[in-house]
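The primary structure of each chain is shown beneath.
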Amino acid sequence: MNIDLTGKRALVCGASQGIGKAIAFELASLGAEVTVCGRNQQVLEQVMQQLPVSQGQKHSVLVADFSLPDQLKSAVILHLQTHGPVNILINNTGGPPPGPVHLADTTAFIAAFQQHLICNQILVQALLPGMMETQYGRIINIISTSVKQPIANLGVSNTIRGAVANWAKTLAGELGKFGITVNNVLPGSTDTARLNAIIDIKAAKGGKSRDVVVEEEKAIVPLGRFAQPEEIAYAVAFLASPSAAYISGINLPVDGGRTGCL
């Protein structure tokens, strides 16, 4: 099986922590030159310095705020002019704050739509010419199992993640003729700062200890535990590899069996 990414360039969004950081490390370990993208330049520089360099890769940093789509567009265009085309795009952005959908302000939907779907579209349009030129393209969106089964108290997230999933499926149909694949990875409960924040909120609202909430959350996962960010990264790395050339337009749950549908 060929999962060697030597000679490929990858742009990993949300790479300063959690799942994005784990993906950056995994792609670099497979030989890709990785651009870590996020808002905090200092943290991104630290991550870049830590990335594996075993095959002469030259990693880089792209600072961009996904709440400012026009700024992102300018930054990515300049980056491509300096560093050359990107073959692998990992769309990964922190989810909207939790809360019931019927109480959500309309501005929350607009902000989430911009940060996720609009910014994804900007990146695809910027990177697509390079993927076509190099005849290698992988677009992988890190979204949520909520596209298969809505998650309670994540109303805005459920809504926007569903929009991204359908955007990606449409894109997969359009780009297949160029040999470019588009797939969605759906992490389940993963040991990240976002999960910890959600657990803290549930504990506070439910009047329970944090340990009790953690055990309750683990109990609904058939494998009985939370995922580690690296386990999501392994799935992403495979989809980014040459061996996944005939996989496109899918939603891949990486959730320990939690999602209650196929």
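Residues numbered from 1 in each chain as written. Predicted model: local features only at pLDDT ≥ 70, side-chain atom pairs only at ≥ 80, totals over all residues. Heavy atoms only, no water.

A. Examining the sheet that holds strand β5 (residues 137-142) more closely. Within the open sheet, the seven strands sit side by side as β3-β2-β1-β4-β5-β6-β7. Their pairing is parallel. Sheet topology places β3 (60-63) and β7 (251-254) at the edges, where each strand pairs with a single neighbour. Mean inter-strand twist for the sheet, computed between neighbouring axes without regard to direction, equals 20°. As judged from the four bridges shared by strand β2 (residues 33-38) and β3, these two strands associate in the parallel manner. Bridging from a neighbouring strand, Val36 pairs with Val61 of β3. (Pairing = 2+ DSSP bridges. Helix = DSSP H or I, 4+ residues; strand = E, 2+ residues; numbered from the N terminus. Axes fitted to C-alpha atoms, helices over the stretch in contact; angles between N-to-C directions.)

B. Region of interest: the environment of Asp191. On the secondary structure map, Asp191 appears in the loop between β6 (180-187) and α6 (193-206). For Asp191, a relative accessible area of 36% translates into the label partly exposed. Taking C-alpha positions, Asp191 is 21 Å from Ile140, a pair spaced 51 residues apart along the chain. Aside from chain neighbours lying at most four places away, what touches Asp191 is Asn196, Phe226, Ala227, Gln228 and Pro229. (Buried < 20%, exposed > 50% of the residue type's maximum accessible area, 1.4 Å probe, protein only. Contact = heavy atoms within 4.5 Å.)

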